[in-house]
Amino acid sequence: MPPDPRLDGLEVYLVGGAVRDARLGWPVGDRDWVVVGATPEAMRLRGFKSVGRDFPVFLHPDTHEEYALARTERKQGHGYTGFEVHASPDVTLEADLARRDFTINAMAETPDGELVDPYGGAADLAARRLRHVSAAFVEDPLRVLRAARFLARYRKLGFTIVAETMALMRQLTESGEMQYLVAERVWTETHKALGEADPSAYFQTLETCGALAVLMPSLATPSLPEVLARLAPVPDESASHSVALWRWARLGEHLEDDEQARLNDAVKAPNAFRDAMRLAALSRRLRLRIDDLRPGDAEDRAGAIMAWLDGIDAWRRPERVTPLLALIAHDDGELADDLALAWRLASQILPKALLDEGFRGPALGKELSRRRQATVREALDTRR
């Protein structure tokens, strides 16, 4: 990297994910730096802006990258926030790296690219192992979620969690520390995991160490393998948040309304994710209802489809239809085709035409629904 006058005389190291992912050939996102031997006053005099609330972190005035003073942590209370932080010029790089969760995250690089690896992270990276740095792993329950999320990201590269680390994760769960994680933090990690390459690894890992029953008991049932099998086929939309949204929806589509509410409340899921789960559940119930009908029950079939369109509020929220059709298509392509045809024809029957015929008030809504259902029934008859 080119010389930076603001860093002259500072002992600076690139740390964390940027070091790890560059060696994996993975896309490198934000770069984080550790500064050894400096004070907050020295950083401010060089023009760095202080942004750390719980420990000294500074933004570079030009690159806006984060520079944190080397620090150690000591457990003082429950949860992932119950730590006393010590940052001073006498904290070494090795001491700073020792407080990190996994060896592959406890590597550092000098500005010239020389690797500093006191805890064997490079070897674990090559062997595709997630291994804790020290026994202090059990002091932070958030690390259970991070282990699960990293496996969701890297399992397809061959990564596994070593037995010793999994044992510490079970110990953390059994200690009762998981209950001190705030729901919003659980959701942050869960949301990230839903967008990873193998999200089922996240929930499987939490189940294995016992954390799923504590954090999301609605999912900790014998049907979990069947539920996780639904995570791969989701509507193929370009936005990554949409993939996470529909994966969350599929996780709870089999639950009754009260269980859905408990699951969403347990992690403080945003409204959009709650709505997606409700819509996915309505779509699954439609599919099961259609499966129960005899082939000749055209009227009941049309009525079920109309109830689904009403339930998802398709008439006012037509943008909901396409992703739900894609969701249904993964389980029943023929039904998805029937629904697409029904929607296309029924949506062409508009209130204005009936107003022109003199329908008003409740009679308008009743006639509109009748004609739409009749159109759906006739369309289905032509496909049989």
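The rules we used
Sequence order sets the numbering: in each chain, residues are counted from 1 along the sequence as written. Only residues with pLDDT of at least 70 get local features here, since the model is predicted, and only at 80 or more are side-chain atom pairs given and counted; chain-wide, interface and lining totals rely on the full set of residues. Derived side-chain values reflect all non-hydrogen atoms in the structure, with water molecules and hydrogen atoms excluded from consideration. Numbering of helices and strands starts at the N terminus; helices are DSSP runs of H or I of at least 4 residues and strands are runs of E of at least 2. We take the radius of gyration over the C-alpha atoms and set the globule estimate at 2.2 Å times the residue count to the 0.38 power. With a 1.4 Å probe rolled over the protein chains alone, any residue whose accessible area is under 20% of its type maximum counts as buried; one over 50% counts as exposed, and the rest are partly exposed. Contacts are residue-level and defined by heavy atoms, with any inter-residue pair within 4.5 Å sufficient. For accessible areas, the Shrake-Rupley method is used with a probe of radius 1.4 Å. Any residue's cover is judged against the shown protein chains and nothing else. Asp and Glu count as negative and Lys and Arg as positive, but His and the ends of the chain are not part of the count. Taken as the charge centre is NZ of Lys, CZ of Arg, CG of Asp or CD of Glu, depending on the residue. Aromatic contacts are taken between Phe, Tyr and Trp rings whose centres are within 6.5 Å, Trp giving its six-membered ring; a plane angle under 30 degrees counts as stacked, one over 60 as edge-to-face, and the others as tilted. As a reminder, the over-ring test applies to NZ of lysine and CZ of arginine, requiring each to be within 6 Å of the ring centre and within 35 degrees of the ring normal. The pairing criterion is simple: DSSP has to find at least two bridges between the two strands. Only the contacting stretch of a helix is used when fitting its axis, a line to C-alpha atoms as for every element, and angles between N-to-C directions run 0 to 180 degrees. Just so you know how the angles are binned, under 35 degrees is roughly parallel, over 145 roughly antiparallel, 65 to 115 roughly perpendicular, and the rest oblique. Take the far helix as the reference: if the near one is turned anticlockwise from it by less than a right angle, the crossing is left-handed, and if turned clockwise, right-handed. In the scheme used here, Gly and all other residues not listed as nonpolar or charged are polar, with Ala, Val, Leu, Ile, Met, Phe, Trp, Tyr, Cys and Pro taken as nonpolar and Asp, Glu, Lys and Arg as charged. Nonpolar core, defined: a set of buried Ala, Val, Leu, Ile, Met, Phe, Trp, Tyr and Cys residues in which side-chain atoms within 4.5 Å join the residues together.

**Q** Can you help me understand the overall build of the protein in this one?
**A** When helices and strands are tallied, the protein shows 18 helices and 11 strands. Against the 2.2 N^0.38 benchmark of 21 Å for 384 residues, the protein shows a C-alpha radius of gyration of 27 Å, more extended than a compact globule. On the principal axes, the C-alpha backbone points of the protein span a range of 85 × 45 × 35 Å. Looking at the protein as a whole, 47% of its 384 residues are labelled buried. Contacts spanning at least 24 positions in sequence make up 64% of the contacts within the protein whose residues lie at least 6 apart. Here the protein has roughly 18100 Å² of accessible surface; of this, 51% comes from carbon and sulfur atoms. Positive and negative side-chain charges in the protein, numbering 51 and 60 respectively, have mean positions lying 4 Å apart.

**Q** Looking at this structure, I do not really get the packing of aromatic side chains. What am I missing?
**A** Centre distance and the angle of the planes are the two values used to describe a pair of aromatic rings. Tallying each qualifying case throughout the model produces 11 aromatic pairs. An angle of 80° between the planes, with centres 5.0 Å apart, marks the rings of Trp-187 and Phe-273 as edge-to-face. Separated by 86 residues along the polypeptide, Trp-187 in helix 7 (residues 183–194) and Phe-273 in helix 13 (residues 271–292) bring together distant segments of the chain. Taken individually, Trp-187 and Phe-273 each receive the classification buried, so the pair is uniform in this respect. Residues Tyr-202 and Phe-203 carry aromatic rings whose centres are separated by 5.0 Å and whose planes lie at 90° to one another, so their mutual orientation is edge-to-face. Among the aromatic side chains, those forming a connected cluster through ring pairs are Trp-26, Phe-102, Phe-137, Phe-150, Tyr-154 and Phe-159. The cationic tip of Arg-149 hangs over the ring face of Phe-150; the distance from NZ or CZ to the ring centre is 5.4 Å. Over the face of the ring belonging to Trp-315 we find Arg-372, whose NZ or CZ atom lies 3.8 Å from the ring centre.

**Q** Sorry, what's going on with the sheet that holds strand 2 (residues 32–36) here?
**A** Hydrogen bonding along the main chain pairs the strands of a sheet, whether they run parallel or antiparallel. Read across the sheet, seven strands follow the order 3-4-5-2-1-8-9 without closing on themselves; strand pairing throughout is mixed. Edge strands, defined here as strands with exactly one partner in the open sheet, are strand 3 (49–50) and strand 9 (115–116). Note: strand 4 (residues 57–59) against strand 5 (residues 66–69), three bridges, orientation antiparallel. What sits directly across from Val-57, in strand 5, is Ala-68. Relative to strand 1 (residues 11–15), helix 1 (residues 17–24) is tilted by about 55°, and along the sheet it contacts strand 1, strand 8 (108–109) and strand 9.

**Q** Please clarify how the packing of helix 12 (residues 257–267) against helix 13 should be interpreted in this entry.
**A** The packing of two helices is summarised by the inter-axis angle and the distance between the axes. For the pair helix 12 and helix 13, the least separation of the axes is 11 Å and the interaxial angle reads 155°. By the criterion of interaxial angle, the relationship of helix 12 to helix 13 is roughly antiparallel. Handedness of the helix 12/helix 13 crossing: right-handed. Of helix 13, the residues touching helix 12 (which contributes Asp-257, Gln-260, Ala-261, Leu-263, Asn-264 and Asp-265) are Arg-274, Met-277, Arg-278, Ala-281 and Arg-285. Looking at the contact of helix 12 with helix 13 residue by residue, the class counts come to four nonpolar, two polar and five charged.

**Q** Would you mind showing me how to read the nonpolar core here?
**A** For soluble globular proteins, the rule of thumb is that nonpolar side chains tend to be buried together. Counting 95 residues, the largest nonpolar core has Phe-203, Met-216 and Trp-248 as its most contacted members. Sorting elements by how many residues they give to this core places helix 5 (residues 142–154) first, with nine residues. With residues near it in sequence (within four places) discarded, Trp-248 still touches Trp-187, Thr-190, Leu-194, Met-216, Leu-263, Asn-264, Val-267, Ala-269, Phe-273 and Met-277. Of all hydrophobic cores here, the second largest spans 12 residues; its members include Val-34, Val-91, Leu-93 and Ala-106.

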